[in-house]
Amino acid sequence: MSATAVHNLWTTAADPISKIDAPKIEYGQLAPVLIVVGAAIVGMLIEAFVPRRSRYYAQMFVSVVALAAAFAAIVALAVGDHGTTKAGIAAMGAIAVDGPALFLQGTILLTALVGLFTFAERRLDPAAHGNRVDSFAAQAAAVPGSDSEKKAVKAGFTTTEVFPLLLFAVAGMLVFPAANDLLTLFVALEVFSLPLYLLCALARRKRLMSQEAAVKYFLLGAFASAFMLFGIALLYGYAGSMSYATIAQVVDGTVQDVNPALADTMGNDALLLVGAALLVMGLLFKVGAVPFHMWTPDVYQGAPTPVTGFMAAATKVAAFGALLRVLYVLLPGLRWDWRPVMWAVAIVTMVGGAIVAITQTDIKRLLAYSSIAHAGFILAGVIAATPSGVSSVLFYLAAYSFVTIGAFAVVTLVRDAGGEATHLSKWAGLGRRSPLVAAVFAVFLLAFAGIPLTSGFAGKFAVFKAAAEGGAAPLVVVGVISSAIAAFFYIRVIVLMFFSEPRPEGPTVAVPSPLTMTAIGVGVVVTVVLGVAPQYFLELAGDAGVFVR
Amino acid sequence: MNPVNYLYLAALLFTIGATGVLIRRNAIVVFMCIELMLNACNLAFVAFSRMHGNLDGQIIAFFTMVVAAAEVVVGLAIIVSLFRSRHSASVDDASLMKL
């Protein structure tokens, strides 16, 4: 008797399990994210297996190739009309591939590429024991000032883990504005936040401040994401689903076949309103809007400056993308509830950021408060709730991110014995000492202030125009007034640089490698091109301004 | 038992956690309170899952656990490095950057 026959004596074959369908994954449409995640994993393997001496070059190569390839994949998708007529939802409803998603992902990838160049800069700090060093700690685990740290510096260690960390953060940021269900949104938020917390703690100079910034960012960020998760739980309870489209239908009351359990919770508006409020609160924290902005100045000041630049630019793009999708795809049925709240948030953010920035004496803190004020301007475009509102926000984000990353790259150049000289008094007379650097920084400041012929003006004009057409004219008045307040402190820095005497013990301007020069150069070129000839890019953003549902 | 009671418990745990974050000084305890908030979210997910009769909520609870574990790894690394360089984990002592 065969084994099967014996088996058949006391068992009977059940129906083979054929009911579970394999999930359908559109690898082509998800290629940008997959490339970046794959490269990040390769980066971790490089840390494990490649000799320390050649890790830096291997990591640089992998990261640059991955970011460029991912951007090429985005362009290919956009050329293939995935942003307009063929926009769709990939990965079983988890990720939307549409115009806003592709536009923001492209912006994030280019920003990350420029940010990567500032990460890799190794000529600013004087060489320690004959080894070129970058802005990151020799060994993050060594206690600052201890013998083990000195040994690590002497041995020429560098934290090349920053490259895979950057790539993981970028992967999360790519998914965040494209997330089409709440679970994906939450996981993407954590995937990009956790590497950023670590990157903040890795400064080579001023390590105590850097660690303090990381603790503050981590505790407050985790606190905010816990609130957001509770909001997601309440929305799930309200609608019985995580998908944006389904929840939007339940909010509108157009959902078919309602089961009895769902009918109970669907009637409960408290679940919906509290859930939506907590969810939007979590997003506003990442955006850095008042009153959820308290972390911004400390973290921007304490983090290593290349990380600050990358974080200020790319996080803002990703978070505003997610906020737009949540408000426009998930909660359009609640717009009469969220618009007044966002009005209030936008007004206090614009005015608060601009006024507090005036009193700042540290250039990194000043730029932090300026980023808060800019979050308010972008919120004005979000509130418009029109297609031109979406496209103006997309354009503003693209323009703003390159200015920001360029400005922070300039901050890394001005140095004294203690590292970067970030106190404003030390910037006095910089224009006489090194006119080129001061002029470049002045261009960035003018773009922040929104002076015509810079990208800042084109962005602000688009956002305010959309807000006025969307019925938020009072908001535009407040926006213009706070722009004027903000212009005061930008101009003050320019005056300080060009019209005051340089101090004898003032800082020196380091001569960077081509990496940082490229970062700053790209920033200047984008600022001027988007300012002088914004039409093509405005049309691009206009074509990309429709979400898929 | 009525699953709504679990939602009340979840809300209570979440509030205890949030209050703890605001009033405790030690970074580790603050962090534990955040974990309590995440667990309260999990309880709410599972209770809603039971109420709706679909499994989404239970699956999300697993994802939340994984995220919480990853957060512990990163968070403890940062807090321990701060403690080693200052010999204190008090969040009030971390004030180098006050205006």
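On a predicted model such as this, the values are computed, not experimentally measured, just so you know. (Residues numbered from 1 in each chain as written. Chains lettered and ligands numbered in written order. Predicted model: local features only at pLDDT ≥ 70, side-chain atom pairs only at ≥ 80, totals over all residues. Heavy atoms only, no water.)

Side note on the overall build of chain A
The secondary structure content of chain A amounts to 22 helices and 5 strands. Scaling as 2.2 N^0.38, a compact globule of 549 residues should have a C-alpha radius of gyration of about 24 Å, and chain A matches this with 25 Å. Taken across its 549 residues, chain A has 61% of its residues classed as buried. Within chain A, contacts between residues separated by at least 24 positions form 80% of all contacts whose residues are at least 6 apart in sequence. For chain A, the exposed surface amounts to about 20100 Å²; the carbon and sulfur share of it is 69%. A gap of 12 Å separates the mean positions of the 33 positive and 29 negative side-chain charges of chain A. (Helix = DSSP H or I, 4+ residues; strand = E, 2+ residues; numbered from the N terminus. Rg over C-alpha atoms; globule rule 2.2 N^0.38 Å. Buried < 20%, exposed > 50% of the residue type's maximum accessible area, 1.4 Å probe, protein only. Contact = heavy atoms within 4.5 Å. Areas by Shrake-Rupley, 256 points an atom, 1.4 Å probe, with all protein chains shown as cover. Lys, Arg positive; Asp, Glu negative; His and termini not counted. Charge placed at Lys NZ, Arg CZ, Asp CG, Glu CD.)

Considering the packing of helix α16 (residues 387-411) of chain A against helix α18 (residues 435-449) of chain A
Residues and elements named next belong to chain A. For the pair α16 and α18, the least separation of the axes is 10 Å and the interaxial angle reads 145 degrees. Crossing geometry of α16 relative to α18 is assigned as left-handed. In this structure, α16 uses Tyr 400, Val 403, Thr 404, Gly 406, Ala 407, Val 410 and Val 411 to contact α18, whose residues at the interface are Val 437, Val 440, Phe 441, Phe 444, Ala 447 and Phe 448. Among the residues forming the contact of α16 with α18, the class breakdown is 11 nonpolar, 2 polar and no charged. (Axes fitted to C-alpha atoms, helices over the stretch in contact; angles between N-to-C directions. Left-handed = near helix turned anticlockwise from the far one by under 90°. Nonpolar A, V, L, I, M, F, W, Y, C, P; charged D, E, K, R; others polar.)

Re unusual backbone geometry
Residue and element names in this part refer to chain A. Residues Val 290 and Pro 291 are joined by a peptide bond in cis, for which omega reads 5 degrees. Within the secondary structure layout, Pro 291 lies in the loop between α11 (269-287) and α12 (295-302). Positive phi, close to 55 degrees, is recorded for Ala 91, a residue that is not glycine. Within the fold, Ala 91 resides in the loop between β1 (88-90) and β2 (95-97). Taking relative accessible area as the criterion, Ala 91 reaches 13% and is therefore assigned buried. Even without being glycine, His 129 reaches a positive phi, approximately 55 degrees.

Concerning the sheet that holds strand β5 (residues 508-509) of chain A
Residue and element names in this part refer to chain A. Read across the sheet, 3 strands follow the order β4-β3-β5 without closing on themselves; strand pairing throughout is antiparallel. Because the sheet does not close on itself, it has two edges, and the strands there are β4 (419-420) and β5. Across 2 bridges, the pairing between strand β3 (residues 414-416) and β4 is antiparallel. Bridging from a neighbouring strand, Asp 416 pairs with Gly 419 of β4. (Pairing = 2+ DSSP bridges.)

Description of the environment of A:Ser425
Relative to the helices and strands, A:Ser425 is located in the loop between β4 and α17 (430-433). What makes A:Ser425 partly exposed here is its relative accessible area of 25%.

Quick notes on the packing of aromatic side chains
Working definition: an aromatic ring pair is given by the centre-to-centre distance plus the angle between the planes. Evaluated as defined, the whole model comprises 25 aromatic pairs over all chains. A ring pair is formed by A:Tyr56 and A:Phe163, whose centres lie 6.2 Å apart and whose planes are at 65 degrees; its orientation type is edge-to-face. Residue A:Tyr56 is found in helix α3 (residues 52-79), and its partner A:Phe163 is found in helix α6 (residues 162-175); the two are separated by 107 residues along the sequence. Assigned by exposure class, A:Tyr56 and A:Phe163 land together as buried. A ring pair is formed by A:Phe377 and A:Phe464, whose centres lie 5.9 Å apart and whose planes are at 90 degrees; its orientation type is edge-to-face. Here A:Phe377 is found in helix α15 (residues 363-383), whereas its partner A:Phe464 is found in helix α19 (residues 455-469), with 87 residues between them in sequence. Feature note: the residues A:Tyr197, A:Tyr217, A:Phe218, A:Phe285, A:Trp295, A:Tyr300, A:Phe408 and B:Phe31 constitute an aromatic cluster, connected by ring pairs. Across the ring face of A:Phe157, the terminal group of A:Arg52 is positioned such that the distance to the ring centre comes to 3.8 Å. Above the plane of the ring of A:Tyr56 lies A:Arg122, whose end atom (NZ or CZ) is 3.7 Å from the centre. (Phe/Tyr/Trp six-rings, centres within 6.5 Å; stacked < 30°, edge-to-face > 60°. Lys NZ or Arg CZ within 6 Å of the ring centre and 35° of its normal.)

Observations regarding the UniProt feature "transmembrane region" in chain B
Per the UniProt record, "transmembrane region" is found at residues 3-23, 28-48 and 59-79 of chain B. A distance of 30 Å separates the end C-alpha atoms of residues 28-48 of chain B, which is 100% helix and 0% strand. (UniProt positions renumbered as here; feature names shortened; annotations may be inferred.)

Describing the state of the cysteines
Scanning the model with the defined rule gives 0 disulfides over all chains in all. B:Cys41 forms no disulfide, and the closest cysteine sulfur to it belongs to B:Cys33, at a distance of 14 Å. (Disulfide = S-S within 2.5 Å.)

Here's the deal with the packing of helix α8 (residues 207-239) of chain A against helix α3 (residues 56-86) of chain B
Between α8(A) and α3(B), the least distance of the axes is 10 Å, while the angle of their chain directions is 165 degrees. As summarised for this structure, α8(A) and α3(B) are arranged roughly antiparallel, according to the angle between their axes. Taken as a pair, α8(A) and α3(B) cross one another with a handedness that is left-handed. Residues A:Leu208, A:Gln211, A:Glu212, A:Ala214, A:Val215, A:Phe218, A:Ala222, A:Ser225, A:Leu229 and A:Tyr236 of α8(A) form the contact with α3(B), whose own contacting residues are B:Asp56, B:Gly57, B:Thr64, B:Glu71, B:Gly75, B:Ile78, B:Ser81, B:Leu82, B:Ser85 and B:Arg86. (Parallel < 35°, antiparallel > 145°, perpendicular 65-115°, else oblique.)

Observations concerning the interface of chain B and chain A
If you look at the interface, chain B gives 43 residues, while chain A gives 46 residues. The junction of chain B with chain A conceals about 3800 Å² of combined surface from both sides, 79% of it contributed by carbon and sulfur atoms. In terms of surface lost to chain A, no three residues of chain B exceed B:His52, B:Ile78 and B:Met97, which account for 20% of the buried area on that side. Across the chain B-chain A interface, the total number found is 1 salt bridge. The tally of links between chain B and chain A comes to 10 residue pairs in polar contact (both at pLDDT 80 or more). Put simply, the parts of the chain that give the side of chain B that touches chain A at least two residues each are α1 (4-23), α2 (27-52) and α3 of chain B. Ranked by the residues each element gives to the side of chain B that touches chain A, the list is headed by α3(B), at 16 residues. Tallied by class, the residues present in the side of chain B that touches chain A amount to 30 nonpolar, 9 polar and 4 charged. (Buried area = accessible area lost by both parts, 1.4 Å probe. Salt bridge = Lys/Arg side-chain N within 4 Å of Asp/Glu carboxyl O. Polar contact = N/O pair within 3.5 Å; in protein donor to acceptor, adjacent residues only side chain to side chain.)

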